[in-house]
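# Structural overview for review
Letter by letter, the chains look like this.
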Amino acid sequence: MATPPACFHDRDWSAILTNYPIAAVGAGLEIEPAVLISINVPVRGANAIEHLMRGRSDTMANSSAASVAHRLLPILDWAPGYRRDWLLPDVLAGLALWAVMVPEGMAYAGIVGVPPIMGLYTIVPALLAYALLGTSRQLVVGPDTATGLISAVTIGAIATQGTAEFNSLTSTLAVLIGFFFLSFGIMRMGWVASFIPTPVMRGFIEGLVYVTIIGQVPHLLGISGASGNFFTKLWHVLQHLPDASVAAVVTGILSLVAMLVLRHMAPAVPAALVVMVTATIVIGLLGGEATGVHVAGHLPSGLPHLTAPNLEISTLTELVPGALAIVLVGYAEALGAAKAAALQSGGKIDPNQELVAHGPANILSGLFGGFLVVGSLSKTSVATSAGARSQLANLVAAVFSFLTLIFLTPLFRNMPQPALAAIVIAAMLHLTKPSYLRELFVRSRWSFANCVIVILGELTLGVLQGIALGVVLSLLTLIYLASHPRGAELGQLPGTEAYRSVQRHPEAVTFPGLMIWGAGGDLFFASIGHISTALKAALAARPDVKRVLLDCAAVNFIDVSGGDELLGLINELQKMGISVGFVRMRDAVRDGMKRAGVEAIVGPGNFYDRATDGVRAWQQQADVG
């Protein structure tokens, strides 16, 4: 760039640069002032171009900064393009969300084991944070049943439910969860959700439904609760049925029936809000606590106070396992909900940014006295069904929830506990899908067994142990499948150049003296032994074979151990008078074989792009022989 082209020394170019320096640079002429002086361009023109070049650099820097801002604040992507005709649907969807989230937030607080007011404290900061940082235009972040129960179990191991310590630790857990979400997002670990396959996740949710319902039945019936696993709680309920309060039973059963009927007959009606308001008014008119029904009592009005989390190392250490379980389960659920919303209404989801967005949502919720939040499929379905077009619907819901905190909490004084239990139980019944288990049994007995094991693990060992068992089963399944690739002898389908397993396709043609063996998977330390054993067994059944073509179409990777073992196998086969060739091999795999010395002993001429080429080469060699 320091030396101008020869044409720049012409008078015409000098004149253009002298009189129109900015236009010259705008046309793409990147010229330093020193060069301009060398071709007699006045200092005025040189200074102008230098100024413009500096401006172009500043523009590039600003563009880079804008790109970073858009990545960190996805709201900057959709807000400038917001359409006016979206406003009314978003406002109406926000009102629908508010009508669902306020009663469910207070009801789900019972699952978490904290006072109902903490459910309201949770809603606003979570909605605001995700609206700014989330990549989904419709995902709703809020209280959740699955992760809420894990929170209750985690805190219940170190504090007594109903105490200030329990409530404080619940908020601390939310902050810790937010820290993990944010950290994993910054480290771009959005792939972690892949380690919970659908059958395991479904099994976890099914088990969770039963555990949650049995935990809410005492509230529904007005009897004392019990600790322990599902069966212990079930036995406790059966033993104390004679102690049930008639008023509580009537309130709870009527509320549950109303929830189910409204959801079936009028799905557009906010059933939870209608049931909660109706039950509160009726119990209030009948005398509140005097009716024999336990009510919420006084709920504080106004904004929550900023609460510092408990940062004692010993406490945090005890909270970490539960926090990690919630992050794993909650993220898998949230990502599934976000993808479902994107399929329905468009948009792109960034899994790593979703982790980041859940970080501040939980941290702020914890700091303001709330509990954990995750993306909710049920609440997102409410938003999309109500016509939500963007996160403005969530912001509208946040505003009305804020107003509820300021002005409406005294109205919930006579809110009956059985009605809240009915709302939770109805939500749980909506989550269960017995038909999925039947379909899974038909599709895959192995996956069905994993699903059932997770359910039984939750019912007998506990929620945390159940999900841990599910993750371990998933990893063991992955390891087993990767280390036991399904190799097979291949034959040519008549009239085609396609080669398939001779076991699955008896019509496939094999060739005298030649075996084509499909590797079935990657060649690495855990799989190469299985591949070698299976190949030797197949060769033992065909003593006529003098050449093996290893079909590597399914091989994406070969490690050092795989290369060494393969080299030993080839040497063993060659001593038996069997030559070896390779077909359909990827370049990266061949590079690994070169480094292992495989190509040196086989010869570069024994690598073929197509299986047909390898077969023809063998047939020509056999004819010559």
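All residue numbers refer to positions counted from 1 along the written sequence of the respective chain. In view of the model being predicted, local features appear only for residues whose pLDDT reaches at least 70, and side-chain atom pairs are presented and counted only at 80 or more, with totals across whole chains, interfaces and linings using the full set of residues. Excluded from the side-chain calculation are hydrogens and water; included are all heavy atoms of the structure.

### Some thoughts on a nonpolar patch on the surface
Like charges are joined within 9 Å and nonpolar side chains (Val, Leu, Ile, Met, Phe, Trp, Tyr) within 5 Å, but only among residues with over 30% relative accessible area and no salt bridge; these make up the patches. The method behind every accessible area is Shrake-Rupley, applied with a 1.4 Å probe, and residues are considered shielded solely by the protein chains displayed. The salt bridge criterion pairs a side-chain nitrogen of Lys or Arg with a carboxyl oxygen of Asp or Glu, the two atoms within 4 Å. On the surface, Leu88, Leu92, Leu95, Leu303, Val399, Phe400, Phe402, Leu403, Phe407, Leu408 and Leu411 cluster together into a nonpolar patch covering about 990 Å² of accessible area. Working definition: helices are DSSP H or I runs of at least four residues, strands are E runs of at least two. Numbering for both runs from the N terminus. Within the residue set of the nonpolar patch, elements represented by two or more residues are helix 6 (87-112) and helix 17 (392-408). Structurally, leucine 92 is set in helix 6. Working definition: with a 1.4 Å probe on protein chains only, accessible area under 20% of the residue-type maximum means buried, over 50% means exposed, and in between means partly exposed. On the accessibility criterion, leucine 92 (47% relative accessible area) is partly exposed.

### Some points on the packing of aromatic side chains
Note on aromatic pairs: the rings of Phe, Tyr and Trp (six-membered ring only in Trp) are paired at centre separations within 6.5 Å, and the planes decide the class, stacked below 30 degrees, edge-to-face beyond 60, tilted for the rest. A complete count under the given rule lists nine aromatic pairs for this structure. With a centroid separation of 6.0 Å and an interplanar angle of 50°, the aromatic rings of tryptophan 98 and phenylalanine 400 are classed as tilted. Taken together, the positions of tryptophan 98 in helix 6 and phenylalanine 400 in helix 17 put the pair 302 residues apart, joining distant regions of the chain. With relative accessibility at 21%, the residue tryptophan 98 sits in the partly exposed group.

### Things to note about the pairing of strand 6 (residues 547-551)
Strand 6 sits mainly inside the fold: five of its five residues count as buried. Here a strand pair is declared whenever DSSP counts at least two bridges between the two strands. Pairing analysis gives five bridges linking strand 5 (residues 514-518) to strand 6, with the strands arranged parallel. By the bridge assignment for strand 6, methionine 515 is matched with valine 548. Handedness of a crossover is defined as follows: orient the strands so they point away from the viewer, and if the path from the first strand over the helix to the second runs clockwise, the crossover is right-handed. Read from strand 5 through helix 22 (residues 528-540) to strand 6, the crossover connection turns out right-handed. Assessed by its sense of winding, the connection that carries the chain from strand 6 through helix 23 (residues 560-575) to strand 7 (residues 579-583) is right-handed.

### Description of the nonpolar core
To define a nonpolar core, start from buried Ala, Val, Leu, Ile, Met, Phe, Trp, Tyr and Cys residues and group those joined through side-chain atoms within 4.5 Å. Residues Met106, Ile177, Ile196 and Phe204 are the most contacted members of the largest nonpolar core, which totals 102 residues. The element contributing the most residues to this core is helix 10 (residues 198-221), with 12 residues. Not counting chain neighbours up to four residues away, the residues in contact with phenylalanine 204 comprise Ala146, Ile150, Val329, Val454, Glu458, Val463 and Ile467. Throughout, a contact is declared for two residues whenever any of their heavy atoms are within 4.5 Å.

### Some remarks on the pattern of salt bridges
Counted under the stated rule, the structure contains 11 salt bridges. Between glutamate 206 and arginine 202 there is a salt bridge; the shortest N-O distance is 3.5 Å. With glutamate 206 and arginine 202 both in helix 10 and four residues apart, this pair spans about one turn of that helix. By the burial criterion, glutamate 206 is buried, and arginine 202 matches it. Among the salt bridges present, the one from arginine 542 reaches glutamate 489, with a minimum N-O distance of 2.5 Å. You can see arginine 542 sitting in the loop between helix 22 and strand 6 and its partner glutamate 489 sitting in strand 3 (residues 488-492), a full 53 residues away along the chain. Both residues of the pair, arginine 542 and glutamate 489, count as buried. Sharing partners across several salt bridges, the network here consists of Glu104, Arg263 and Lys379.

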